[in-house]
Amino acid sequence: MSHLKALKLASAVPVRATVDPVQRAREKMIATLVEQKQMAEAKIAGQAFTPMHIVRRKNTEGQRVEVETLKRVRQGWFCDASGKVFFATRYAGKPIEFAKDKNAVEVGDMAALPKVIDTLVEAVRAGELDAQLTAAAVERGQMLRKAK
């Protein structure tokens with residue numbers, strides 16, 4: 001007991017950090033775009049893109065353990081019939097419209113894709129896509145709620 005008397009004891013409760021939902025949406029979108037850029041750069045370099053993440057699974061003894069496994073990442077770019085490259089991104093399961101009825105960015109050449117993604121990251125940081133991200137999140141939230 002003499003060891004505890006040497007410490008300064010207090011009654012405290014941790015404060016939960018209030019995260020702004022708009023800032024959280026920006027951070028999630030930026031993380032997705034950075035991952036897309038890494039995938040594009042690997043494709044341009046002719047390398048395999050193999051992102052890993054930690055999941056919890058049961059082992060043979062029935063204990064839950066953390067295991068590193070491949071992460072599935074959906075490619076955000078596609079080519080049309082003429083060979084032009086386009087980049088589209090999704091948030092909350094919905095394609096993001098960059099402008100009215102415009103859901104993709106025409107890149108043209110695969111080599112220009114990382115620069116286009118950098119421009120999109122800067123647009124997200126500047127708040128230019130806040131309305132689209134918020135609308136997609138609200139729509140996703142309504143879809144997930146049960147009808148009463």
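Our subject in this report is the structure included herewith. (Residues numbered from 1 in each chain as written. Predicted model: local features only at pLDDT ≥ 70, side-chain atom pairs only at ≥ 80, totals over all residues. Heavy atoms only, no water.)

Within the element layout of this structure, Gln36 appears in helix H2 (residues 21–45). For Gln36, a relative accessible area of 5% corresponds to the buried category. Not counting residues up to four positions away in its chain, the partners in contact with Gln36 are Val73, Arg74, Gln75, Gly76, Trp77, Phe87 and Ile117. (Helix = DSSP H or I, 4+ residues; strand = E, 2+ residues; numbered from the N terminus. Buried < 20%, exposed > 50% of the residue type's maximum accessible area, 1.4 Å probe, protein only. Contact = heavy atoms within 4.5 Å.)

Another point: helix H3 (residues 113–125). When the terminal C-alpha atoms of H3 are compared, their 19 Å separation across 13 residues agrees well with the 18 Å that a helix rising 1.5 Å per residue should span. For H3, the complete set of buried residues consists of Leu113, Pro114, Val116, Ile117, Leu120, Val121, Ala123 and Val124. Looking at the packing, one finds that the buried side of H3 touches H2, strand S3 (77–79), strand S4 (85–87) and strand S7 (105–108). Gly127 lies just past H3 and shows a positive phi near 85 degrees. (Expected span 1.5 Å × (residues − 1).)

A word on the side chain of Thr89. Mapped onto the elements of the fold, Thr89 is located in the loop between S4 and strand S5 (90–91). The residues touching Thr89, leaving out its near neighbours within four places in the chain, are Met29, Leu33, Lys94, Pro95, Ile96 and Phe98.

Right, let's talk about unusual backbone geometry for a bit. For Ala92, which is not glycine, the phi dihedral falls at a positive 55 degrees. Turning to its location among the elements, Ala92 is positioned in the loop between S5 and strand S6 (94–95). Even without a glycine there, the phi angle at Asp101 is positive, about 60 degrees. Inspection of the secondary structure puts Asp101 in the loop between S6 and S7.

Here the focus is a nonpolar patch on the surface. A cluster of nonpolar side chains, namely Leu4, Leu7 and Leu9, defines an oily patch on the protein surface of about 320 Å² accessible area. As for its position among the elements, Leu9 is in the loop between helix H1 (2–5) and H2. Note on Leu9: relative accessible area 65%, which makes it exposed. (Patch = residues over 30% accessible without salt bridge, like charges linked within 9 Å, V, L, I, M, F, W, Y side chains within 5 Å. Areas by Shrake-Rupley, 256 points an atom, 1.4 Å probe, with all protein chains shown as cover. Salt bridge = Lys/Arg side-chain N within 4 Å of Asp/Glu carboxyl O.)

Just distances and angles here, no functional claims.
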